[in-house]
Amino acid sequence: MNLRPEEISSVIKEQIKAFSSKLEVTDIGSVIQVGDGIARVYGLDKAMSNELLEFQSGVYGMAMNLEEDNIGVVLLGSDATVKEGDTVKLTGRVAEVPVGDALIGRVVNPLGQPIDQRGPIAAEKARPIERVAPGVITRKEVNVPLQTGIKAVDAMVPIGRGQRQLIIGDRQTGKSAVCIDTIINQRDTGVLCIYVAIGQKASTVARLVNTLEKYNAMDYTVVISASASDSAPLQYIAPYAGCAMGEEWMENGKDVLIIYDDLSKHAVAYRSMSLLLRRPPGREAYPGDVFYLHSRLLERSARLAPEFGGGSITALPIIETQAGDISAYIPTNVISITDGQIYMESQLFNAGIRPAINPGLSVSRVGGAAQTKAMKKIAGPIRLELAQYRELASFAQFGSDLDKTTLDRLRQGERIIEILKQPQYQVLNVEQEVVVLYALTHKYLSVVKVEKVPEFEKALLEYMDTKHSDIMSELGETKSLTSELEAKLAGALDTFVRDVNVNEL
């Protein structure tokens, strides 16, 4: 093989032309201490707060404590591969997650990586997990209802799009059940749902995903799981990651429902992380900024004005109390941040009243503004009648002779409690709720035995759907109860009560 000198020289000339010296400058530090998911790093003077740092082993960490001579870094992975003396370099990026429609129907970890064995997520965009909440000027008032499909909630503590409604109660009182029913009820409403599971068992999350798939709710839902076996830093960033995903849709004019289940475990994860970072502890050993931890998260839920995107994020944070103590540190913090709370009581739950909502301690600070006209018109007396019933019931148990008015109020109260009971996964649409509550408030149930109320309700809804579908469709479309429509509804109910032998239901 003969090589000609001119060929060699032309190849060398081409290579010289194509040569470019690309200089990459990165700050590199070294690990001086590691343990319990926390690394101390020396030599990175230019690190930003919340910046991602890449360790020699490929594990990423997040800069949390920027001190004089070192940085406290929380590891977003196992610390088994990180050793003292390893090199660490700055990435110039803050923690971010993929966003967009590619996430719908997927189960991901707090870093946006899929954990459902269904292949990679083809997201085209990413957003930082931390962001300043929308200002006052960019917001719009909350006056569009978010229907939960649960009679007790939609009638007494209504939720509007853009609201933050806390769900609070002891463990095993049905807090998550209310949220799951609300997600199931968003089918065909255009509301996208995000469920953030913080510090829960992996089996519980798997069961939740199966339930959502069974009711076709995963078609519009993303599940973010930071399970109990995940590190505290991953549990800490989970709700912010979920919120960042929701903000992408909100700014594109879509309505989003996000559930944080639960923020008690989130606060505990942050506490353990802070104590390991040697931050000074305060009340109940929580760090001093634990209020800011949740306020900066929940303030990001809003309804935007049309010129700023026009979408909304509705947040349902969950807080678990110990022995019903809502005056503890974290519960009072979150109560003061949110726009109302739904208080789930274990006594009611154990008595078979489910959902176990205590109407005395539950409140929506948005109120009637977040109700449809029809619901607002008929649901007003329910809370008052229920409060009167509870007061009278405590006197009635002494067995004294009661006048007719008192007896009528007691009978009505018993039927209110019975009609507000609702099995899980059996959500109702607006027109069904309106018909049932209209029958309740206008005393159509007074002739029905208390134990027959559920059968009466079922028969009534079947009757209205088959014989009076015109009334139901008009109620569903207009969401208001005009005097003509009310007259039609009253006539239909009169006929139903007359024709059906309520004693044989």
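See above for the structure.
Presented here is an overview of the structure given in this document. (Residues numbered from 1 in each chain as written. Predicted model: local features only at pLDDT ≥ 70, side-chain atom pairs only at ≥ 80, totals over all residues. Heavy atoms only, no water.)

### Observations concerning helix α6 (residues 263-276)
Line of reasoning, step 1. With 14 residues, α6 ought to run about 20 Å at 1.5 Å a step, and its terminal C-alpha atoms sit 20 Å apart, in line with that.
Line of reasoning, step 2. Where α6 is concerned, the buried positions are L263, S264, H266, A267, A269, Y270, M273 and S274.
Line of reasoning, step 3. For α6, the capping residue at the N-terminal end is D262, with a side-chain oxygen 2.9 Å from the backbone nitrogen of S264.
Line of reasoning, step 4. Of the residues trailing α6, R278 is marked for its positive phi of about 65°. (Helix = DSSP H or I, 4+ residues; strand = E, 2+ residues; numbered from the N terminus. Expected span 1.5 Å × (residues − 1). Buried < 20%, exposed > 50% of the residue type's maximum accessible area, 1.4 Å probe, protein only. Polar contact = N/O pair within 3.5 Å; in protein donor to acceptor, adjacent residues only side chain to side chain.)

### What to know about the side chain of Q422
Line of reasoning, step 1. Relative to the helices and strands, Q422 is located in the loop between α11 (404-420) and α12 (430-441).
Line of reasoning, step 2. A polar contact is formed between the side chain of Q422 and the backbone oxygen of Q426, at a distance of 2.9 Å.
Line of reasoning, step 3. Beyond its immediate chain neighbours, meaning those up to four positions away, Q422 contacts G149, I150, K151, R354, P355, V427 and L428. (Contact = heavy atoms within 4.5 Å.)

### Focus: the sheet that holds strand β6 (residues 87-94)
Line of reasoning, step 1. With respect to topology, six strands assemble into a closed barrel ordered β1-β2-β5-β4-β3-β6, the strand pairing being antiparallel. Strand-to-strand twist across the sheet, computed as the mean angle between neighbouring axes with direction ignored, equals 45°.
Line of reasoning, step 2. Relative to β6, strand β1 (residues 28-35) runs antiparallel, the two being bridged by three bridges. In the strand pairing of β6, I28 is matched with K89. (Pairing = 2+ DSSP bridges. Axes fitted to C-alpha atoms, helices over the stretch in contact; angles between N-to-C directions.)

### Considerations on empty space enclosed by the protein
Line of reasoning, step 1. If you walk through the whole model with that rule in mind, you get two cavities of 30 Å³ or more.
Line of reasoning, step 2. One number sums up the size of the largest cavity: a volume of about 90 Å³.
Line of reasoning, step 3. Around the largest cavity, the lining residues are A152, M156, I353, R354, P355, I357, L386, R390, I417, L420 and K421.
Line of reasoning, step 4. Breaking the lining of the largest cavity down by element, the ones donating at least two residues are α2 (151-156), α10 (373-396) and α11.
Line of reasoning, step 5. Across the lining of the largest cavity, the residue classes tally to eight nonpolar, no polar and three charged.
Line of reasoning, step 6. Of the voids in this model, the second largest cavity is the one considered here, and its volume is about 60 Å³.
Line of reasoning, step 7. Contributing to the lining of the second largest cavity are P145, L146, Q147, D154, P158, I159, A370, Q371, T372 and M375. (1 Å grid on protein atoms, 1.4 Å probe; cavity = no way out; pocket = protein on both sides within 12 Å on 5 of 7 lines; lining within 4 Å. Points joined across faces, edges and corners; volume = space filled by probe spheres on them. Nonpolar A, V, L, I, M, F, W, Y, C, P; charged D, E, K, R; others polar.)

### Brief notes about the packing of aromatic side chains
Line of reasoning, step 1. Scanning all chains against the criterion turns up six aromatic pairs.
Line of reasoning, step 2. With a centroid separation of 5.9 Å and an interplanar angle of 55°, the aromatic rings of Y286 and Y329 are classed as tilted. Of the two residues, Y286 is situated in the loop between α6 and α7 (290-298) and Y329 in helix α8 (residues 329-337); the sequence distance between them amounts to 43 residues.
Line of reasoning, step 3. Y329 sits in the buried class, given a relative accessible area of 13%.
Line of reasoning, step 4. Put simply, the rings of Y236, Y240 and Y270 pair up and form one aromatic cluster.
Line of reasoning, step 5. Across from the ring centre of Y286, 4.3 Å away, lies the NZ or CZ of R271, which sits over that ring.
Line of reasoning, step 6. For the cation-ring pair, R354 lies above F349, with the distance from its terminal atom to the ring centre recorded as 4.0 Å. (Phe/Tyr/Trp six-rings, centres within 6.5 Å; stacked < 30°, edge-to-face > 60°. Lys NZ or Arg CZ within 6 Å of the ring centre and 35° of its normal.)

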